[in-house]
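Chains, contacts and geometry: an overview
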Amino acid sequence: MIKQRLDRIIIRQPDDWHLHLRDGAMMQAVAPLSAARFGRAIIMPNLSPPVVTGAQASAYRDRIMASLPAETNFRPLMTCYLTEDSDADDLAAAYRNDIITAVKLYPAGSTTNSASGIANFDKIRPILERMADIGLPLCVHGEVTDPDVDIFDREAVFIDKVLKPIRKKVPDLKVIMEHITTTDAVDYVRDSRSNLAATITTHHLIINRNHILAGGIKPHYYCLPVAKREKHRIALVQAAISGDKRFFLGTDSAPHTDSNKLQSCGCAGCFTAINTISCLAEVFDVAGKMDKLESFTSLAGPRFYDLAPNKGFVTLTRGDVVVHPDHINTADGPITVFDPGFPLHWRVE
Ligand code: NCD
Ligand code: ZN
């Protein structure tokens, strides 16, 4: 039997459940690009200094909105950066007043601007309990930072050593494991009964560690958590295309200027805000699962966050190769756009 290939689908407008918009000149350049494509995005608070309080989140949201065209429908969903000294009352008030949608946990030293993150997880237990009481979700960068733990094992060790104990002690806490990269994380989420979901990035569905390291080092594929072996990438694709509502898109689009990426100690992050939907459509299409794309990009995320899907729809059409710019210019310098390494055929209207 010849299976007819779809060449046009209409889906609810996507959301991005993990996005870095930065600040200042970089934000001016990147925020409109996400706002033109996504209905909402969970905005990461890892500015320097980080967005810790409700007042800081509110001011950051105002700066984001001021960088967008006046007629935009985009809604930045703000987060506060959890520190060992965070004020639970302030977080609760920010949530109640619709300033923040989630709180972000970075283990200290895990990634870009994470120095103020958590070293002593017992210290934040009262805050996590309060969050569980009021239904405020926790977004987690799931990697241990112990220098003795191999970088390729840091996610799996985090699940066992940190996340399982936290979820056992605070079972009502709603947790989003962000940018998962391993079979361990996929299995852990699949085995959970409630209150746990995971975001998957565009680039982790496409690259494995060979893309970064084989045949010369490719700094533009270096991000955190670092991409793992091919078997892990395949597990992520299986999770994304499964239609399981516990897995949804968080691009982790993380712009850094080329001058900050291309040096002896380069920054981690892939910039996928522009071509994410074309890349994802290609991945789902090749897998024969275009019918599951909408769940991943547009339905599963709002469901976990108890929000309605976006009202608008977008049409994706398959045709000639779509060319995206290979970089964007900002007042801070150029930013290289993620190269999936294969031609893209899906266009978004
Ligand atoms: C992110 C960044 O640059 O802010 N980098 C990355 O590689 N993903 C931080 C993060 O989400 O880990
Ligand atoms: Zn990130």
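Above this text is the structure in question.
In this text, all values refer to a predicted model and were calculated from it rather than measured experimentally.

This model, assessed by the stated rule, comprises 3 cavities of 30 Å³ or more. Its volume calculated, the largest cavity comes out at about 130 Å³. The class makeup of the residues in the lining of the largest cavity is 6 nonpolar, 9 polar and 3 charged. Taken as a whole, the second largest cavity holds about 70 Å³ of empty space. Every residue along the wall of the second largest cavity is listed here: His220, His256, Asp258, Lys261, Gly269, Cys270, Phe271, Ile335, Thr336, Val337 and Phe338. Breaking the lining of the second largest cavity down by element, the ones donating at least two residues are α9 (258–261) and β12 (335–336).

This brings us to the sheet that holds strand β4 (residues 75–81). Strand order in the open sheet formed by 8 strands is β2-β3-β4-β5-β6-β7-β8-β9, with parallel pairing between adjacent strands. This sheet does not close on itself; its edge strands, each paired only once, are β2 (16–19) and β9 (247–249). Each strand axis lies, on average, 30 degrees off the axis of its neighbour in the sheet, ignoring direction. Here strand β8 (residues 196–200) pairs with β9 via 3 bridges, running parallel. What sits directly across from Thr199, in β9, is Phe248.

Let's shift gears to the site of ligand 1. Asn46, Thr111, Leu224, Asp252 and His256 are the nearest of the 15 residues found near ligand 1. A distance of 2.7 Å separates an oxygen atom of ligand 1 from a polar atom in the backbone of Leu224. Here His256 contributes a side-chain N or O atom positioned 2.7 Å from an oxygen atom of ligand 1. When isolated, ligand 1 has an accessible area of 320 Å², and the protein chains bury 100% of it. Among the detected pockets, ligand 1 sits in the largest cavity. Considering only residue class, the shell around ligand 1 consists of 4 nonpolar, 9 polar and 2 charged.

Surrounding the zinc ion (ligand 2) are the protein donor atoms His18 (NE2), His20 (NE2) and Asp252 (OD), at 2.0 Å. Taken together, the 4 donor atoms surrounding the zinc ion (ligand 2) define angles of 93 to 133 degrees at the centre, an arrangement classified as tetrahedral. Here the donor residues of the zinc ion (ligand 2) share one chain and are spaced in sequence as H-x1-H-x231-D.

With that out of the way, let us pick up the side chain of His20. With respect to the secondary-structure elements, His20 resides in the loop between β2 and α1 (24–35). When its relative accessible area of 8% is taken as the criterion, His20 is described as buried. Engagement of the side chain of His20 in a polar contact is seen with the side chain of Asp252, the distance being 2.9 Å.

As a further point, take the pattern of salt bridges. Counting across every chain of the model gives 12 salt bridges. Measuring nitrogen to oxygen at the nearest pair gives 2.8 Å for the salt bridge that ties Asp15 to Arg40. Separated by 25 residues along the polypeptide, Asp15 in the loop between β1 (8–12) and β2 and Arg40 in strand β3 (residues 40–43) bring together distant segments of the chain. Judged by relative accessible area, which is 0%, Asp15 ranks as buried. For Arg40, a relative accessible area of 7% gives the class buried. Arg63 is the partner of Asp23 in a salt bridge, and the nearest nitrogen-oxygen pair spans 2.7 Å. Residue Asp23 is found in the loop between β2 and α1, and its partner Arg63 is found in helix α2 (residues 54–66); the two are separated by 40 residues along the sequence. With relative accessibility at 29%, the residue Asp23 sits in the partly exposed group.

Let us now look at helix α11 (residues 293–304). Across its 12 residues, α11 extends 17 Å between first and last C-alpha, which sits within 8% of the 16 Å expected from 1.5 Å per residue. With respect to burial, α11 is a largely interior element, 9 of its 12 residues being buried. Those residues of α11 lying buried are Leu293, Ser295, Phe296, Thr297, Ser298, Ala300, Gly301, Pro302 and Phe304. After α11 finishes, the residue Asp306 shows a positive phi value of roughly 60 degrees.

Here the focus is the nonpolar core. One recurring pattern in soluble globular proteins is that nonpolar side chains are buried together. Among the nonpolar cores identified, the biggest contains 94 residues, and Leu82 and Ile100 are the most heavily contacted of them. Counting 14 residues, the second-largest nonpolar core is a separate cluster that includes Leu77, Ala102, Ala197 and Tyr305.

Backbone hydrogen bonds are what pair the strands of a sheet, in a parallel or an antiparallel way. Taken in spatial order, the 3 strands line up as β1-β10-β13 in an open sheet, and their pairing is antiparallel. Of all the strands in the sheet, just β1 and β13 (344–348) have a single pairing partner and so form its edges. Between one strand and the next, the sheet's axes are offset by a mean angle of 35 degrees, whatever the strand orientation. Summarising the sheet, strand β10 (residues 313–322) and β13 pair through 4 bridges and their orientation is antiparallel.

Conventions used here
Residues numbered from 1 in each chain as written. Chains lettered and ligands numbered in written order. Predicted model: local features only at pLDDT ≥ 70, side-chain atom pairs only at ≥ 80, totals over all residues. Heavy atoms only, no water. 1 Å grid on protein atoms, 1.4 Å probe; cavity = no way out; pocket = protein on both sides within 12 Å on 5 of 7 lines; lining within 4 Å. Points joined across faces, edges and corners; volume = space filled by probe spheres on them. Nonpolar A, V, L, I, M, F, W, Y, C, P; charged D, E, K, R; others polar. Helix = DSSP H or I, 4+ residues; strand = E, 2+ residues; numbered from the N terminus. Pairing = 2+ DSSP bridges. Axes fitted to C-alpha atoms, helices over the stretch in contact; angles between N-to-C directions. Near = heavy atom within 4 Å. Polar contact = N/O pair within 3.5 Å; in protein donor to acceptor, adjacent residues only side chain to side chain. Areas by Shrake-Rupley, 256 points an atom, 1.4 Å probe, with all protein chains shown as cover. Sits in = over half its atoms within 2 Å of the grid points. Donors = N, O, S within 2.8 Å, 3.2 Å for Na, K, Ca; no water. Tetrahedral: all angles 85-135°; square planar, octahedral: opposite > 155°, others 65-115°. Buried < 20%, exposed > 50% of the residue type's maximum accessible area, 1.4 Å probe, protein only. Salt bridge = Lys/Arg side-chain N within 4 Å of Asp/Glu carboxyl O. Expected span 1.5 Å × (residues − 1). Core = buried A, V, L, I, M, F, W, Y, C linked by side-chain atoms within 4.5 Å.

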